[in-house]
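# Working through the structure, step by step
Letter by letter, the chains look like this.
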Amino acid sequence: MIRLLRNALLGLGLLGGLACGLLSPEKSFPNPHPSTLGMGQPVCTDCHEEGLKEGSSMLYSSFNHSPAFARDHKLPANRDSATCATCHPQSFCADCHTGKGVVSPALKLADRPDRISPHRGGYMTLHRIDGKMDPTSCYKCHGRSNNQTCIACHR
Amino acid sequence: MKSCNFLLLPVAFLSLHAWGQEVSFNSSTLLQYWRQGTPGFETSTYSPATQFLEVDATGLGQEAISFHFYGWGRSDLAEQTRVTGKNTSDMVYGYVSYRAPKGNLEAQVGRIAVNQGVAIEQVDGGTFLADLIGGFTFSAFAGVPVHYRIFDESVQHDYEYQRDLIAGGRLGKRFDRFAELGLSFVQDGTYPGKKLNGYNTYDFTRRQMAVDIRVTPNTLLNMSGRTVFDIADRMDLPADTQANNARVAEHDYNLALRLNPQLGASLTYTERNFRAFYSGTTLPSLFNPQEPGTFRSQGVAFFIGAPTSRFQGVVDLKKTHRDSYGDSLRYGGELRGSVAPANLKYGVGLHRVNADAANYSGIVATFYGLAHTELQGWVTYEKDRMTAAFNAIHHHFDDPANPSLYGKGSLSEIVGALGYQATPDLKVSCDVIRGVSSLMQAETLFVMRADYHFGWARKEGVK
């Protein structure tokens, strides 16, 4: 196992070294965001003129946190976590997405109902209904990790 | 590993003291209290205390080197709340990072939280991300997967043995303004159940590949999605199984249209094949890889109002189909708005779910309905140092004979939160949550929380 791990890390180093030689000359995204952002959903085009975000192939408007963006953020986050990291500390994501949860997102963010965090409103009862209709939506968070509460009943 | 978590912390603090140019600590303390009555049993009292801690230190020797830590610890001050014991903790991440000034190059070593294409993992190892010339992007990671306690102690050893190593990454190609294509891969564990002795029926390993795409030819259209393939060397299933052996784990696609500055639409399509999608599950009793058939859903949503508008509305409809269960249709809408001078925000939503009856195989086989209506509303308000939030959700069920409802026809939950910003770095608040337990018994939960920031750097980002 140690040999495998050593080889994997060596491979990662070699790939990294190769990538360094092919590195884009574009300036890295600032991290953190150079100006302080307020609470709530940011609108990038309030300050940035419409156009390509430097170092990215996407328009600034693509990152505006509209209700549509909040609902469908998983795909852009999978592709381009560096852009998320410009404004969000990683702990922001971990409020909901974590391998071993300790309190539900709804409880952690009880004072932020605007974030529509999952498991609000009697979810211990509701999950039996949602789970019948679509168990795959539970799987993303509870299928391979974060299911220490589930095992109390589901063995 | 748990003890290692705590050992790492003082070591990290020492290094921060020695090298830290800008250090930021963010702490959240939650103290919960509730009583739970179960018919036929004595009333139980629970009072867990949970401490979250986040540390960010930048400029460690060089400007480009930083250290990041996030973790929590929890202790039950009254009766035990978790099956794993009264005291528990976890290091979510803790790594040293190097960020280059060009090409978004970043290398991280330590416990990392990976989100790269098909891989969303906690890994003890390293990762590397970079934008390359020609519009290519590259990311890769390798290490030992973080192990969790699983459902069956007797197979915990197999679980840890099988998941000995994890590696993966993503290669992407961006076409300016127009599109992005990506290919990602993950290999989780090198000892699949098939390679172990014949008595082992669990396979906790995973080998998946995904193709993802984004097409944005103009500001009006954004199509994105991905297809995930299960490419593992699987165990043979019993001959009489009806499991769906498709190798496509998931299709997940979204088409977003901006019809005008005030009106947008979103179309979604999802299809999941259970055996491939549940690959590597640690809870097969709940996520059964041998379930026959597929799950499919189609959705449409219309968004009214620009992000800067005082009012934003959503009207949505989603149809789902699970071969082994049937169909459901969820539709409704939500309106949210703000009154800027008063720092007041609010939202109301109404949704209806029509669903096929579910089969209940008890002593007498019968069916029960899952259809219900959901109504919710929320308000947040800020004035000077005070913050307040209120959220109410009500569900009305068509069929109280549903065994999950214990004869009740509806359930409600009300959440009230009052906060006080004592200093720029300290906020204290109290939440009161009135809801129901899993047995539909009314219960009240009290939460005291304190959010504290200290250090030598300004806390950036948004929450």
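Position numbers for residues count from 1 along each chain, tracking the sequence in the order it is written. Going through the entries in the order they are written, you letter the chains from A and number the ligands from 1. Per-residue local features are limited, in this predicted model, to residues with pLDDT of at least 70; the limit for side-chain atom pairs, both in listing and counting, is 80 or more; totals at the level of whole chains, interfaces and linings are taken over all residues.

### Looking at the overall build of chain A
The number of helices and strands found in chain A is 8 helices and 0 strands. Ordered by position from N to C terminus, the α and β elements of chain A give α-α-α-α-α-α-α-α. The C-alpha radius of gyration computed for chain A amounts to 20 Å, which surpasses the reference 15 Å derived for 155 residues by more than 25%, pointing to a less compact arrangement than a globule. With the principal axes as the frame, chain A shows a C-alpha extent of 55 × 50 × 25 Å. Across the 155 residues that make up chain A, the buried fraction comes to 37%. Whether two residues are in contact depends on their C-beta atoms, placed from the backbone: they are in contact if these lie within 7 Å. Restricting to contacts in chain A with at least 6 residues of sequence separation, those with at least 24 account for 39%. The secondary structure listing takes helices from DSSP runs of H or I that are at least 4 residues long and strands from runs of E that are at least 2 residues long, numbered from the N terminus. Here the globule rule is a power law, 2.2 Å times the number of residues to the power 0.38, and the radius of gyration is based on C-alpha atoms. Buried residues are those with 20 or more other C-beta atoms within 10 Å of their own C-beta, exposed residues have 12 or fewer, and partly exposed residues lie in between; C-beta atoms are placed from the backbone.

### Some thoughts on the overall build of chain B
A tally of helices and strands in chain B yields 3 helices and 25 strands. By the compact-globule yardstick of 23 Å for 463 residues, chain B fits well, its C-alpha radius of gyration being 25 Å. When its C-alpha atoms are laid out on the principal axes, chain B stretches across 70 × 60 × 55 Å. Here chain B holds 463 residues, and 38% of them are scored as buried. For chain B, the share of sequence-separated contacts (at least 6 apart) that also reach a separation of at least 24 residues comes to 48%.

### Description of the domain arrangement of chain A
How far each domain reaches was decided by an automatic or database domain assignment. Examined at the domain level, chain A breaks down into domain 1 (29-94) and domain 2 (97-155). In this structure, domain 1 of chain A and domain 2 of chain A have C-alpha centres spaced 26 Å apart.

### Section: the confidence of the model for chain A
pLDDT gives the predictor's per-residue confidence on a scale running from 0 to 100. Of the residues in chain A, 92% have a pLDDT of 70 or more, and the chain-wide mean is 82. When pLDDT is averaged over each helix and strand of chain A, the minimum, 74, is found for helix H1 (residues 2-21) of chain A and the maximum, 92, for helix H8 (residues 136-142) of chain A.

### Description of the nonpolar core
Put simply, a nonpolar core is buried Ala, Val, Leu, Ile, Met, Phe, Trp, Tyr and Cys residues tied into one set by C-beta atoms within 7 Å. If you look at the biggest cluster of nonpolar residues, it comprises 54 residues, and the most contacted ones within it are Tyr93, Ile112, Val114, Phe128, Ala130 and Phe141 of chain B. For this core, the leading source of residues is strand S7 (residues 119-131) of chain B, giving 6 residues. Apart from residues lying up to four places away in sequence, Tyr93 of chain B is in contact with Gln90 of chain A together with His68, Tyr70, Arg111, Ile112 and Ala113 of chain B. With 10 residues, the next largest nonpolar core counts Leu107 of chain A together with Ala389, Ala417 and Val447 of chain B among its residues.

### Notes on the interface of chain A and chain B
With 89 residues of chain A at the interface, the matching set in chain B holds 119 residues. It is H1 of chain A that provides the largest number of residues to the side of chain A that touches chain B, a total of 9 residues. Each residue belonging to the side of chain A that touches chain B can be placed in one class, and the counts come to 43 nonpolar, 31 polar and 15 charged. All amino acids are sorted into three groups, where Ala, Val, Leu, Ile, Met, Phe, Trp, Tyr, Cys and Pro are nonpolar, Asp, Glu, Lys and Arg are charged, and the leftover types, Gly among them, are polar.

### Considering unusual backbone geometry
A positive phi is found at His119 of chain A, a non-glycine position, where the angle reads about 75°. By secondary structure assignment, the location of His119 of chain A is in the loop between helix H6 (105-108) and helix H7 (123-133). C-beta crowding within 10 Å serves as the criterion here: with 15 such atoms nearby, His119 of chain A is assigned to the partly exposed category. Here Met440 of chain B, not a glycine, exhibits a phi torsion of approximately 65°, which is positive. Mapped onto the secondary structure, Met440 of chain B falls in the loop between strand S24 (426-436) and strand S25 (442-455).

### Observations regarding the pairing of strand S17 (residues 326-339) of chain B
Residue and element names in this part refer to chain B. Here strand S16 (residues 311-322) pairs with S17 via 12 bridges, running antiparallel. The partner of Lys319 across the bridge, within S17, is Leu329. Here, a strand pair is defined by DSSP locating no fewer than two bridges between the strands. Taking the residues that link successive antiparallel strands as the turn, the S16-S17 hairpin has 3 residues. Alignment of S17 against strand S18 (residues 344-355), held across 12 bridges, turns out to be antiparallel. Opposite Leu335, over in S18, you have Val348 as the bridge partner. In this structure, the hairpin formed by S17 and S18 is closed by a connection of 4 residues, where Asn343 is found at a positive phi of approximately 50°.

### Examining the pairing of strand S22 (residues 386-397) of chain B
The two faces of the sheet receive side chains in turn, since in a regular strand these alternate between them. All names here are of chain B. Burial along S22 is one-sided: Thr387, Ala389, Asn391, Ile393, His395 and Phe397 are buried, and none of Met386, Ala388, Phe390, Ala392, His394 and His396, which face the opposite way, are. Direction of pairing for strand S21 (residues 372-383) relative to S22: antiparallel, over a ladder of 12 bridges. If you follow Gln376 over to S22, its bridge partner there is Ile393. From the end of S21 to the start of S22, which pair antiparallel, there are 2 residues, and Asp384 there has a positive phi angle of about 50°. The pairing of S22 with strand S23 (residues 410-423) spans 11 bridges and is antiparallel. Paired with Ile393 across the two strands is Glu413, which belongs to S23.

### Some words on H7 of chain A
Along H7 of chain A, the positions that sit buried rather than exposed are Thr125, Ile129 and Met133 of chain A. The buried residues of H7 of chain A all sit within an arc of 80° when viewed along its axis, so they share a single face. For H7 of chain A, the elements touching its buried residues are S16, S17, S18, S23 and S24 of chain B. Relevant arc is that of directions from the helix axis to the C-beta atoms, nothing else.

### What about the environment of Ser47 of chain B?
Residues and elements named next belong to chain B. By the element assignment, Ser47 lies in the loop between strand S2 (44-46) and strand S3 (48-58). Residue classification places Ser47 among the partly exposed residues on the basis of 16 C-beta atoms within 10 Å. A sequence separation of 15 residues divides Ser47 from Gln32, and the C-alpha atoms of the two residues are 5.2 Å apart. Look past the residues within four positions of Ser47 in its chain and what remains in contact with it is Gln32, Tyr33, Leu77 and Ala78.

### Quick notes on the environment of Glu382 of chain B
Residues and elements named next belong to chain B. Its place among the elements puts Glu382 in strand S21. Taking C-alpha positions, Glu382 is 9.3 Å from Gly419, a pair spaced 37 residues apart along the chain. Excluding its chain neighbours within four sequence positions, the residues that come into contact with Glu382 are Asn343 and Thr387.

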